[in-house]
Each structure stands twice: as C-alpha cells, then as structure tokens.
Amino acid sequence: MEVVFQSKIESNKKQQEDFLRLAPMERFYRFLKLSEISIKLFPIKNNKQKSNNFIIIIKE
C-alpha cells in the first residue's frame, strides 16, 4: 500500500483524470454502480417487512 500526501485539489484532479481515461461505456457502468450504492444509503419512509403471508389488498 502506498501513502501519498496531496492536497484536496490535487486529489480531485487525479480522480477526474483517472475517470476520464476510462472508456465511455466503463464510465457509464461506474456511474450506475455509484448511483446504486448511493440510493441504498437514503432512508426509507415506509419500511415493510418481507413475509411469506399471502395478502389481498382491495382498494375502493
């Protein structure tokens, strides 16, 4: 493992360069993966427990 000391601006620039070096399709897949990870972190308002019960809901 290599430890690198750099400023936040330098770090962000390197991350951006590494990202732009990827193929367009790979960039898209990384975006989707990051989106999936981020959406899982949001709190859910209605947390339903999964069960094996058969439930019929009739809306009028």
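Shown above is the structure to which this text applies.
The following paragraphs examine the structure supplied in this document. Keep in mind that what you see is a predicted model, and the values were worked out from it rather than measured. (Residues numbered from 1 in each chain as written. Predicted model: local features only at pLDDT ≥ 70, side-chain atom pairs only at ≥ 80, totals over all residues. Heavy atoms only, no water.)

1. Describing the pattern of salt bridges
Oppositely charged side chains are able to pair whenever their charged atoms sit close together.
Logical step 1: Taken as a whole and assessed by the stated rule, the structure comprises four salt bridges.
Logical step 2: Across the salt bridge formed by Glu26 and Arg30, the nearest N and O atoms sit 3.5 Å from each other. Taken together, the residues Glu26 and Arg30, both in helix α2 (residues 24-41) and four residues apart, mark about one turn of the helix.
Logical step 3: Owing to a relative accessible area of 45%, Arg30 belongs among the partly exposed residues under this scheme.
Logical step 4: For the salt bridge of Glu36 with Lys40, the shortest nitrogen-to-oxygen distance reads 3.7 Å. Of this pair, Glu36 and Lys40 both sit in helix α2, separated by four residues, roughly a single helical turn.
Logical step 5: For Lys40, a relative accessible area of 61% translates into the label exposed.
Logical step 6: Each of Lys14, Asp18 and Arg21 takes part in one network of salt bridges that share partners. (Salt bridge = Lys/Arg side-chain N within 4 Å of Asp/Glu carboxyl O. Helix = DSSP H or I, 4+ residues; strand = E, 2+ residues; numbered from the N terminus. Buried < 20%, exposed > 50% of the residue type's maximum accessible area, 1.4 Å probe, protein only.)

2. Notes on the packing of aromatic side chains
Logical step 1: Considering all chains together, one arrives at one aromatic pair under this definition.
Logical step 2: A centroid spacing of 6.2 Å and a plane angle of 50° characterise the contact between Phe28 and Tyr29, whose relative ring orientation is tilted.
Logical step 3: On the basis of relative accessibility, which here comes to 48%, the residue Tyr29 falls in the partly exposed class. (Phe/Tyr/Trp six-rings, centres within 6.5 Å; stacked < 30°, edge-to-face > 60°.)

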